[in-house]
Amino acid sequence: MSLITPYISPEVSQLAPGFRALSITVQAATVVDPNVGARALDEACSAMLTADVPWAEAHLAAWGELFRKFGAKPQRTPCSVEALRKRVTRDGNLPAIDPVVDLYNAISIRYAIPVGGENLLAYEGQPRLVVADGSEQFDTMKGGEPAHESPELGEVVWRDDKGVTCRRWNWRQGVRTRLSVDSGLMWFILESLPEMPQAALQEAGDKLIAGLREMMPEAVIAQCLIGHIE
């Protein structure tokens, strides 16, 4: 298994010079405990509502300001973690949908950090965080049917050689590379800004890895820190 080191374009680095992320690559193995994710999700929702992390408000605000820098409207298209946490605030919890998805959503909620999970077997080339020119293709669903759309000019997107895999930085993931517990090769990206301590970013990654090892003990896991490193 090769460690995935995503490419961050100079334009994105200039837009967010303090951006840093933890990239985690996983060769999946037999699942021995499929309930790890659901348990983690319940615990994360409870912790958020009763003993939230001290950087949460500042980190979410920083993501909102960053979205505005490239023309997104965070009230309409918030970063992924803000959308999750709003649902928890409204409903008290989130329903379980998939063991691995539940686990990385739990980390996102608990640590107030956007976390993406991708099926690397569906990728073509290296994951890249770039500024879109507006011609790229993004596969999604509309009205229950497969559809394609393009990002806006200047929008920050994750992409591979075939097209966009996540719009507006971490707002919405595409269908083609969607992750599930059945994915044989997984990639996770935990994205933070300076308002979240670097030690907390590493702690979040360690918690994700611990959950994956509990779920599938024979998984092969590698990680690397990218971006602004203190």
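Quick caveat, the model's predicted, so the values are computed rather than measured. (Residues numbered from 1 in each chain as written. Predicted model: local features only at pLDDT ≥ 70, side-chain atom pairs only at ≥ 80, totals over all residues. Heavy atoms only, no water.)

Enquirer: Outline the overall build of the protein chain, listing residues and values.
Expert: Counting secondary structure elements, the protein chain contains 6 helices and 11 strands. Expected size for 230 residues packed as a compact globule is a radius of gyration near 17 Å; at 16 Å, the protein chain falls within 12% of this value. For the protein chain, restricting intrachain contacts to residue pairs at least 6 apart in sequence, the fraction spanning at least 24 positions comes to 76%. About 10300 Å² of surface is accessible on the protein chain, with carbon and sulfur atoms providing 51% of the total. (Helix = DSSP H or I, 4+ residues; strand = E, 2+ residues; numbered from the N terminus. Rg over C-alpha atoms; globule rule 2.2 N^0.38 Å. Contact = heavy atoms within 4.5 Å. Areas by Shrake-Rupley, 256 points an atom, 1.4 Å probe, with all protein chains shown as cover.)

Enquirer: With reference to specific residues and values, describe the UniProt feature "domain: B3/B4 tRNA-binding" (unreviewed entry) in the protein chain.
Expert: The sites that carry the UniProt feature "domain: B3/B4 tRNA-binding" (unreviewed entry) are, in the present numbering, residues 61–217. Between the first and last C-alpha atoms of residues 61–217 the distance is 37 Å; the span itself is 33% helix and 24% strand. (UniProt positions renumbered as here; feature names shortened; annotations may be inferred.)

Enquirer: Help me get a handle on the packing of helix 2 (residues 36–50) against helix 6 (residues 198–215), residues and values and all.
Expert: Taken N-terminus to C-terminus, the directions of helix 2 and helix 6 make an angle of 145°; their axes are 9 Å apart at the nearest point. Between helix 2 and helix 6, the residues in contact are Val36, Gly37 and Arg39 and Gly211, Glu214 and Met215, respectively. Considering only residue class, the contact of helix 2 with helix 6 consists of 2 nonpolar, 2 polar and 2 charged. (Axes fitted to C-alpha atoms, helices over the stretch in contact; angles between N-to-C directions. Nonpolar A, V, L, I, M, F, W, Y, C, P; charged D, E, K, R; others polar.)

Enquirer: Would you mind going over the pairing of strand 10 (residues 185–192) in detail, with residue names and values included?
Expert: Buried residues dominate strand 10, accounting for 8 of its 8 residues. When strand 2 (residues 20–27) meets strand 10, the two strands line up antiparallel, connected through 8 bridges. Along strand 10, the bridge assignment pairs Thr25 with Trp187. Note: strand 3 (residues 115–119) against strand 10, 5 bridges, orientation antiparallel. Bridge pairing in strand 10 links Gly117 to Phe188. (Buried < 20%, exposed > 50% of the residue type's maximum accessible area, 1.4 Å probe, protein only. Pairing = 2+ DSSP bridges.)

Enquirer: Outline the sheet that holds strand 10, supporting the account with residue identities and numerical values.
Expert: In spatial order, the strands read 3-10-2-11; together these 4 strands make up an open sheet with antiparallel pairing. Across the chains shown, the open sheet's two edge strands, defined by having one partner strand only, are strand 3 and strand 11 (220–227). Pairs of neighbouring strands in the sheet enclose a mean axial angle of 15°, with direction left out of account. Pairing between strand 2 and strand 11: 8 bridges, direction antiparallel. Of the residues in strand 11, the one forming a bridge with Arg20 is Gly227. Helix-sheet contacts for helix 6 involve strand 2, strand 10 and strand 11, and the interaxial angle to strand 2 is about 15°.

Enquirer: Break down the pattern of salt bridges for me, citing the residues and quoting the values.
Expert: Applying the stated criterion across every chain, the model contains 12 salt bridges. The partner of Arg85 in a salt bridge is Asp52, with the nearest N and O atoms 2.3 Å apart. Taken as a pair, Arg85 in helix 4 (residues 80–91) and Asp52 in the loop between helix 2 and helix 3 (56–69) lie far apart in primary sequence, 33 residues in all. On the basis of relative accessible area, Asp52 is assigned to the partly exposed category, the value being 33%. What emerges from the salt-bridge pattern is a single network uniting Lys142, Glu149, Glu155 and Arg167. (Salt bridge = Lys/Arg side-chain N within 4 Å of Asp/Glu carboxyl O.)

Enquirer: So what's going on with helix 4? Which residues, and what values?
Expert: An ideal rise of 1.5 Å per residue puts 16 Å on 12 residues; helix 4 measures up with 17 Å between its terminal C-alpha atoms. Buried positions along helix 4 lie against helix 2, helix 3, helix 5 (99–111) and strand 3. (Expected span 1.5 Å × (residues − 1).)

Enquirer: Explain the nonpolar core residue by residue, including any values.
Expert: Ranked by internal contacts, the top residues of the largest apolar core, which has 42 residues, are Ile24, Val100, Ile109, Phe188, Leu190 and Leu208. Judged by nonpolar contacts, the second largest core, of 30 residues, contains Val81, Trp158, Trp187 and Ile189. (Core = buried A, V, L, I, M, F, W, Y, C linked by side-chain atoms within 4.5 Å.)

Enquirer: Give me the lowdown on the environment of Ala62, citing residues and values where you can.
Expert: By the secondary structure assignment, Ala62 is in helix 3. Given the relative accessible area of 16%, Ala62 is considered buried. Along the backbone, Ala62 and His228 are 166 residues apart, and their C-alpha atoms lie at a distance of 16 Å. Residue contacts for Ala62: discarding those within four places in its chain leaves Leu193 and Glu195.

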